[in-house]
Amino acid sequence: MLFEPDDDSVWLEQVDLGGGLLEIKDPRRPYVTGPIGNNTKQHITLQRKTALGSIQPIAKVVETNSPTKAKVHSDVKVNSIATPPADGKQALWHLPVDTSHLDERQQEVVKKMLYEESAAFAQDSNDIRCIPDLQMSLYLKDDIPVQGAYSSVPKPLFKEVKEYIQDLSAKGLSNAPAAFQRSMEEMLGSLRDDCCIPYVDDVLCFARSFEEHVKAIRQVLKALQQHGVKLRV
């Protein structure tokens, strides 16, 4: 199992968690143990079921110093990174959306619609999905394998590494915007130009009346859900 500390957890300011590979103990009643340190000069009590991070199953571990030469492909395709629940359904939740500019009746209509379509929105940073239709090819300039052993980032370097990754993600791939634009247009299909206009990661919805506008937003959210899109609130 791979354990990764939650960067948003308030406990990381007081405790030091060691992320990395963990071994499952006792298959009959499985559990894992991991290193944890106290960064303060006082006692810290963690309640039961306190979330400190996430655990992901590991299918395979590749030794980087293995004498066997790894098979290299110059055309790398991105596979799915997450799977939906087994029953295909997700628990609904109330979105923190400000509706104070609407009257009471309109607020009720909007809140009801957003609650019923709340599965289209991510509840936290770990709530992600995969868009199967959006695939890109990465052409490498050398034969150096891209696969390597996992190594945790030291806590003092968390901020520096996170900023570097965010900057790298912001720059992105040269053809990423065009590929994403095409994908959004295909997802929305007949809705495009009828009640909405997609532009990269933004979707502008329009209608003649309040009721039609709510209906249009619901249709857009349903279409995005069907293609595995998760929206940030």
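Residues numbered from 1 in each chain as written. Predicted model: local features only at pLDDT ≥ 70, side-chain atom pairs only at ≥ 80, totals over all residues. Heavy atoms only, no water.

A. Quick peek at the overall build of the chain. When its secondary structure is counted, the chain shows 4 helices and 9 strands. Traced from its N-terminal end to its C-terminal end, the chain shows the element sequence β-β-β-β-β-β-α-β-α-α-β-β-α. For the chain, the proportion of its 233 residues judged to be buried stands at 22%. Sequence separation of at least 24 residues holds for 65% of the intrachain contacts in the chain that already meet a minimum separation of 6. (Helix = DSSP H or I, 4+ residues; strand = E, 2+ residues; numbered from the N terminus. Buried < 20%, exposed > 50% of the residue type's maximum accessible area, 1.4 Å probe, protein only. Contact = heavy atoms within 4.5 Å.)

B. Layout of unusual backbone geometry. Phi is positive for Asp193, which is not a glycine, with a value near 70°. Take Asp193: it is sitting in the loop between helix H3 (176-188) and strand E8 (196-199). Although it is not a glycine, Val200 sits at a positive phi angle of roughly 55°. Looking at the element boundaries, Val200 is found in the loop between E8 and strand E9 (202-205). For Val200, a relative accessible area of 24% gives the class partly exposed.

C. Spatial organisation of the nonpolar core. Membership of the largest hydrophobic core comes to 13 residues, with the highest contact counts inside it found for Met187, Leu188, Leu191, Cys196, Val220, Leu224 and Val229. Within the residue set of this core, elements represented by two or more residues are H3 and helix H4 (210-226). Considering every element that reaches this core, the biggest residue donor is H4, with 4 residues. Residues within four places of Cys196 in sequence aside, it is in contact with Leu188, Leu191, Val203, Leu204, Cys205, Phe206 and Val220. (Core = buried A, V, L, I, M, F, W, Y, C linked by side-chain atoms within 4.5 Å.)

D. Structural context of the side chain of Ser183. Considering the arrangement of structural elements, one finds Ser183 in helix H3. For Ser183, a relative accessible area of 5% puts it in the buried group. In this structure Ser183 touches Ile131 and Leu134, once residues within four positions along its chain are discounted.

E. Structural context of the pattern of salt bridges. All told, the structure shown has 7 salt bridges when counted by the stated rule. Among the salt bridges present, the one from Glu116 reaches Lys112, with a minimum N-O distance of 2.6 Å. Of this pair, Glu116 and Lys112 both sit in helix H1 (residues 104-116), separated by 4 residues, roughly a single helical turn. Each of Lys112, Glu116, Glu117, Arg218 and Lys222 takes part in one network of salt bridges that share partners. (Salt bridge = Lys/Arg side-chain N within 4 Å of Asp/Glu carboxyl O.)

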